[in-house]
Amino acid sequence: MNETLLFTVLDMAGTFAFAISGAVAARQKNLDLFGIIAIAYMVACGGGIIRDVCIGAIPPAGLADWRYLTLALIAAALAMVAYPLLQRLDHPVQMFDALGLSFFAVFGAHKALLLGHNAQVAIVLGIVSAVGGGAMRDVLLNRTPLILRKEIYASAALLAAVVQVTGERLGQAMEWVPWVGILLCFGLRYLAMRHGWNLPRFAPHRKP
C-alpha cells in the first residue's frame, strides 16, 4: 500500500468511526433523522475542518469532498437500522470515538507535516483533529466533553501524534509508523476506559 492510499484509508476509517459515534449518541438522545445526520457529520468532520483551516488547506476536505458526507449518511443509516446491535457493545459511543481518535490523531499530524508545518504544529493539530468533533458532539448533546473529564483522552491522541511526527522526522517506513501510533492510542484509551485510569489530579486547596 503506497503512502497516499494508506493515509486516505486512515482518514476515511476515522471519519466513519467518528460518524458512527455521533450517530449512536444522537440516537440515544432520541433526535430525529436530520439531527442524527447532522451530529454524525459534525463529529466526523468537525476536527478535520478546524485542522484544515489552521494549516491553510482551503476549502477543508470535509466540505469539499463528497465522501465525508456520504460516510456520515451511511453511519446515520447504520445507527438507526442496527441500533439494538450497537447498543450491545460496551459503551458504543466511546468505543467508536476511541477508534476515530486514533485514526485522526495520526492523519492530522501527517497532513500538517505534508503541508510543510513544523513538528509542534503537527502534534497540536493532530490532537485538534482527534478531539474537535467529539467535543462538538458532546456540547450539542448537552454532555460534558470527554476532553474536559478526568479520564485519559487527549493525552492518548497526543501519544499517537508524537509517534507519527517522530517517525516521519526520522524517516521511518510509513507502512508501519501510523499503525504503531494508532495501536498505542486506541490501546491506552481502551485500557483507561476499562480500568478507570485517570491523569493525576491536584488535591483541593484548603484555606488555613
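Residues numbered from 1 in each chain as written. Predicted model: local features only at pLDDT ≥ 70, side-chain atom pairs only at ≥ 80, totals over all residues. Heavy atoms only, no water.

## Overview of the overall build of the protein chain
Then, in step 1: A tally of regular secondary structure across the protein chain gives 9 helices and 0 strands.
Then, in step 2: When its helices and strands are written in sequence order, the protein chain yields α-α-α-α-α-α-α-α-α.
Then, in step 3: When the backbone C-alpha atoms are referred to their principal axes, the protein chain occupies close to 60 × 45 × 30 Å.
Then, in step 4: Relative to its 208 residues, the protein chain shows a buried fraction of 48%.
Then, in step 5: The long-range share in the protein chain, meaning contacts at least 24 apart out of those at least 6 apart in sequence, stands at 76%.
Then, in step 6: Total accessible area computed for the protein chain in this model is approximately 10,500 Å², and 67% of it derives from carbon and sulfur atoms.
Then, in step 7: Distance between charge centres in the protein chain, computed from 16 positive and 11 negative side chains, equals 13 Å. (Helix = DSSP H or I, 4+ residues; strand = E, 2+ residues; numbered from the N terminus. Buried < 20%, exposed > 50% of the residue type's maximum accessible area, 1.4 Å probe, protein only. Contact = heavy atoms within 4.5 Å. Areas by Shrake-Rupley, 256 points an atom, 1.4 Å probe, with all protein chains shown as cover. Lys, Arg positive; Asp, Glu negative; His and termini not counted. Charge placed at Lys NZ, Arg CZ, Asp CG, Glu CD.)

## Re the pattern of salt bridges
Then, in step 1: For the coordinates displayed, the defined rule picks out 6 salt bridges.
Then, in step 2: One salt bridge connects Asp97 with Arg137, and the closest N-O pair in it is separated by 3.0 Å. Taken together, the residues Asp97 in helix 6 (residues 92-114) and Arg137 in helix 7 (residues 119-140) connect sequence positions 40 residues apart. Each member of the pair, Asp97 as well as Arg137, carries the same accessibility label: buried.
Then, in step 3: Several salt bridges converge on common partners, so that one network encompasses Asp97, Arg137, Asp138 and Arg143. (Salt bridge = Lys/Arg side-chain N within 4 Å of Asp/Glu carboxyl O.)

## Observations regarding the nonpolar core
Then, in step 1: In terms of nonpolar packing, the biggest core is built from 57 residues, with Leu10, Val24, Leu101 and Ala130 touching the most fellow members.
Then, in step 2: Leaving out residues up to four positions away in the same chain, Leu10 has contacts with Phe103, Val106, Pro178, Trp179 and Ile182. (Core = buried A, V, L, I, M, F, W, Y, C linked by side-chain atoms within 4.5 Å.)

## Considering the side chain of Asp65
Then, in step 1: Examined against the element boundaries, Asp65 turns out to sit in the loop between helix 3 (61-64) and helix 4 (66-81).
Then, in step 2: Here Arg67 takes part through its side chain, which lies 2.7 Å from a polar atom of the side chain of Asp65. (Polar contact = N/O pair within 3.5 Å; in protein donor to acceptor, adjacent residues only side chain to side chain.)

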